[in-house]
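Remarks on the overall topology
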Amino acid sequence: MFSLSTNPIDAALLRQSLQNPGAGALSVFEGWVRNHNEGRRVVLLEYEAFESLAQKEAERIIEEARQRFEILEAVCVHRVGRLNVGDVAVWVGVSAPHRDAAFKACRFLIDQIKTRLPIWKKEHYVDGSSIWVNCQTCADPVSNSNYRPHAIKIEQ
Amino acid sequence: MSASAGKRVQIHYYALLREQRGTAQELLVTSARSLRQLYLELSEQHRFSLSTEKLRVAVNDQLQGWDDPLQDNDRVVFIPPVAGG
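Analysis parameters
Residues numbered from 1 in each chain as written. Chains lettered and ligands numbered in written order. Predicted model: local features only at pLDDT ≥ 70, side-chain atom pairs only at ≥ 80, totals over all residues. Heavy atoms only, no water. Helix = DSSP H or I, 4+ residues; strand = E, 2+ residues; numbered from the N terminus. Lys, Arg positive; Asp, Glu negative; His and termini not counted. Charge placed at Lys NZ, Arg CZ, Asp CG, Glu CD. Contact = heavy atoms within 4.5 Å. Buried area = accessible area lost by both parts, 1.4 Å probe. Salt bridge = Lys/Arg side-chain N within 4 Å of Asp/Glu carboxyl O. Polar contact = N/O pair within 3.5 Å; in protein donor to acceptor, adjacent residues only side chain to side chain. pLDDT = per-residue confidence, 0-100. Pairing = 2+ DSSP bridges. Axes fitted to C-alpha atoms, helices over the stretch in contact; angles between N-to-C directions. Buried < 20%, exposed > 50% of the residue type's maximum accessible area, 1.4 Å probe, protein only. Core = buried A, V, L, I, M, F, W, Y, C linked by side-chain atoms within 4.5 Å. Phe/Tyr/Trp six-rings, centres within 6.5 Å; stacked < 30°, edge-to-face > 60°. Expected span 1.5 Å × (residues − 1). Arc of directions from axis to C-beta.

1. Looking at the overall build of chain B
In terms of regular secondary structure, chain B is built from two helices and five strands. Ordered by position in the sequence, the α and β elements of chain B form the string β-α-β-α-β-β-β. In terms of overall dimensions, chain B has a C-alpha envelope of 45 × 25 × 20 Å along the principal axes. Computing the positive centroid from 10 side-chain charges and the negative centroid from 10, chain B places the two 2 Å apart.

2. Brief notes about the interface of chain A and chain B
Of the residues lining the interface, 29 residues belong to chain A; the matching set on chain B comes to 26 residues. Summed over both sides, the interface between chain A and chain B buries roughly 2400 Å², with carbon and sulfur atoms accounting for 55% of that surface. The salt bridge partner of R18 of chain B is E48 of chain A, with a shortest N-O separation of 2.6 Å. Inspection of the chain A/chain B interface yields 13 residue pairs in polar contact (both at pLDDT 80 or more). When residues of the side of chain A that touches chain B are traced back to their parent elements, those giving at least two are β4 (40–49), α2 (51–68), α3 (99–116) and β8 (119–125) of chain A.

3. Here we look at the confidence of the model for chain A
Residues of chain A with pLDDT of at least 70 account for 87%, and the chain-wide mean is 90. Across residues 139–156 of chain A, where pLDDT falls below 50, the model places 10 contacts with residues more than four positions away in sequence or in other chains.

4. Some words on the sheet that holds strand β2 (residues 25–30) of chain B
Residue and element names in this part refer to chain B. Pairing within the open sheet is mixed, and its five strands lie in the order β2-β1-β5-β3-β4. Here the strands that pair on one side only, and so sit at the sheet edges, are β2 and β4 (62–64). When the angles between neighbouring strand axes are averaged without regard to direction, this sheet yields 35°. The sheet contact formed by strand β1 (residues 7–12) and strand β5 (residues 75–79) spans three bridges and is parallel.

5. Digging into unusual backbone geometry
All names here are of chain B. Positioned with a positive phi, R47 is a non-glycine residue whose angle comes to about 55°. Here R47 lies in the loop between α2 (35–46) and β3 (56–59). Even without being glycine, N60 reaches a positive phi, approximately 50°. In this fold, N60 is placed in the loop between β3 and β4. Owing to a relative accessible area of 39%, N60 belongs among the partly exposed residues under this scheme.

6. Remarks on the nonpolar core
Note that soluble globular proteins tend to have their nonpolar side chains buried in a common cluster. One finds F69, I71, C76, V92, L109 and L117 of chain A to be the most contacted residues of the largest nonpolar core, which totals 33 residues. Those elements giving two or more residues to this core turn out to be β4, α2, β5 (73–79), β7 (88–96), α3 and β8 of chain A. By residue number, the principal contributor to this core is α3 of chain A, which donates eight residues. When near neighbours in sequence (up to four residues on either side) are disregarded, L109 of chain A contacts I61, I62, A65, A74, C76, V92 and V94 of chain A. Counting 31 residues, the second-largest nonpolar core is a separate cluster that includes C135 of chain A together with Y14, L55 and F78 of chain B.

7. Details of the sheet that holds β7 of chain A
Residues and elements named next belong to chain A. One open sheet holds the four strands; their spatial order is β1-β5-β7-β2, and the pairing between them is mixed. Each of the sheet's edge strands pairs with one partner strand only, and the pair in question is β1 (2–5) and β2 (25–32). On average, adjacent strands in this sheet sit at an angle of 10° to one another, irrespective of strand direction. Looking at chain direction, β2 and β7 are connected through eight bridges and run antiparallel.

8. Topic: the packing of aromatic side chains
Per the counting criterion, the structure on display carries nine aromatic pairs over all chains. Aromatic rings pair up to connect Y13, Y39, F48, W66 and F78 of chain B into one cluster.

9. Observations regarding α2 of chain A
All names here are of chain A. End to end, α2 covers 26 Å across 18 residues, agreeing with the expected 26 Å (1.5 Å per residue, within 8%). Those residues of α2 lying buried are L53, A54, E57, A58, I61, I62 and A65. An end-on view of α2 places all buried positions within 165° of arc, on one side of the element.

In structure tokens form, the structure reads like this:
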């Protein structure tokens, strides 16, 4: 089960949904909002999702985890909206008969969620500036597209 | 009206593109034949900073190739580099 949530994540409730009499292990990953990134002080994160595709893709990812690992239940929730330092941004829980599959599936799910779901994060910094993570750093310098360097003299 | 008169498409923008466009969605009529052509037209008009190599594109909730044809009534979403988690 996957969902996007505008409300704070209730870990106790999610944990209950993973109960299964055949389970001998529960592995949980929580992604928290941290107060710094790449040397800058972060005060707030803003998450945005392309909801219909995120939902479909997440369900595919969970199905893939079920194919790869011997697990019983899997639940992932991702927050959208504004989050403060310390908030849980993403929650992944997996129950399985044995711990090895629970650990591996949990790791697989969070890794795939981070790279495949159409979800974006804007970091707001202590100095009032902000950037969309992974967008600004790889943006092509459009503002420079009309820029022409000084003529380069080619020596014959 | 000839077939080449234009297609009505709905476009959704997210994250950086939404901010650069100044809106989350718009309806427009375009003569663009492919998704690439549509993006390049919009990109030039609104000075988007991301090139097609950095983006993916979805039509009606399915990922598509940039050179796939644009159809009447398509719901197009340009997907900037993701950063979930």
